[in-house]
Amino acid sequence: MQRWSNGRMRATVHRVLPPLEGPPGAKRQSITFFQLLNYDASVSVLPECLALGATPKYEPRSVAEWQKERLSGFYLPPDQRDVNKCWYNYNA
């Protein structure tokens, strides 16, 4: 959504917190849901989200290209990671 909306809709940071109530160390359950596009789908800024004459913040990319770029930051030592390529810093 962030890429489609040219940054108007920000991606949320994934975070899991312990339960607010109950004994310390209480078990919790969470359910995740991820919606993925086809690998060959092209993702680009929607015309409705771009002001007249404005330049898109994001270049059009296939989902495969985007995933490869985002995951590449995970496999380097922390002091060498490009924070722009790591999920935990997506909104930095």
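Colleague: Pulling in residues and values, what's your account of the overall build of the protein?
Modeller: A count of helices and strands for the protein gives one helix and two strands. Ordered by position from N to C terminus, the α and β elements of the protein give β-β-α. By residue count, 17% of the 92 residues in the protein fall in the buried class. Pairs at least 24 apart in sequence give 48% of the contacts found in the protein among residues at least 6 apart. In the form shown here, the protein has an accessible surface area of approximately 8000 Å², with 58% of it arising from carbon and sulfur atoms.

Colleague: Break down unusual backbone geometry for me, with residues and values.
Modeller: Here N6, not a glycine, exhibits a phi torsion of approximately 60°, which is positive. A relative accessible area of 11% places N6 in the buried class.

Colleague: Help me get a handle on the confidence of the model for the protein, residues and values and all.
Modeller: Across the protein, pLDDT averages 77, with 75% of residues at or above 70. Across the protein, element-level confidence peaks in strand β2 (residues 61-62) with a mean pLDDT of 92 and bottoms out in helix α1 (residues 63-71) with 82. Within the model, the stretch residues 88-92 combines pLDDT values under 50 with 13 contacts to residues more than four positions away or in other chains.

Colleague: Tell me about the side chain of R3, residues and numbers included.
Modeller: Position of R3 among the secondary structure elements: in the segment before β1 (42-43). When its relative accessible area of 11% is taken as the criterion, R3 is described as buried.

Colleague: Before we move on, could you go through α1 and cite the residues and values that matter?
Modeller: The set of residues buried in α1 consists of V63, W66, Q67 and R70. Buried residues in α1, looked at end-on, bunch into an arc of 95°, giving them a common side. In this structure, the buried residues of α1 make contact with β1 and β2.

Colleague: Would you mind going over the environment of V63 in detail, with residue names and values included?
Modeller: For V63, the location among the structural elements is in helix α1. Take V63: its relative accessible area is 9%, and that puts it in the buried class. Residues V63 and Y39, spaced 24 residues apart in sequence, show a C-alpha to C-alpha distance of 4.9 Å. When near neighbours in sequence (up to four residues on either side) are disregarded, V63 contacts L37, N38, Y39, A41 and V43.

Colleague: Explain the environment of A41 residue by residue, including any values.
Modeller: Mapping A41 onto the fold places it in the segment before β1. The sequence separation of A41 and V63 amounts to 22 residues, and the corresponding C-alpha distance is 5.9 Å. Setting aside its immediate chain neighbours within four residues, A41 contacts R61, S62 and V63.

About the cut-offs
- Counting of residues starts from 1 at the beginning of each chain's written sequence and follows it residue by residue.
- Totals for whole chains, interfaces and linings use all residues, but because this is a predicted model, local features are given only for residues with pLDDT of at least 70 and pairs of side-chain atoms are given and counted only at 80 or more.
- Calculated side-chain values reflect all of the structure's heavy atoms, with hydrogen atoms and water omitted.
- Helical segments are the DSSP runs of H or I of at least four residues, strand segments are the runs of E of at least two, and each set is numbered from the N terminus.
- Three exposure classes are used, based on accessible area relative to the maximum for each residue type with a 1.4 Å probe and protein chains only: buried under 20%, partly exposed in between, and exposed over 50%.
- Only heavy atoms enter the contact rule, under which two residues are in contact if any of them lie within 4.5 Å.
- Computed with the Shrake-Rupley method and a 1.4 Å probe, the accessible areas treat only the protein chains shown as cover for residues.
- pLDDT is a per-residue confidence score from the predictor, ranging from 0 to 100.
- This arc is taken over the directions from the axis of the helix to the C-beta atoms.

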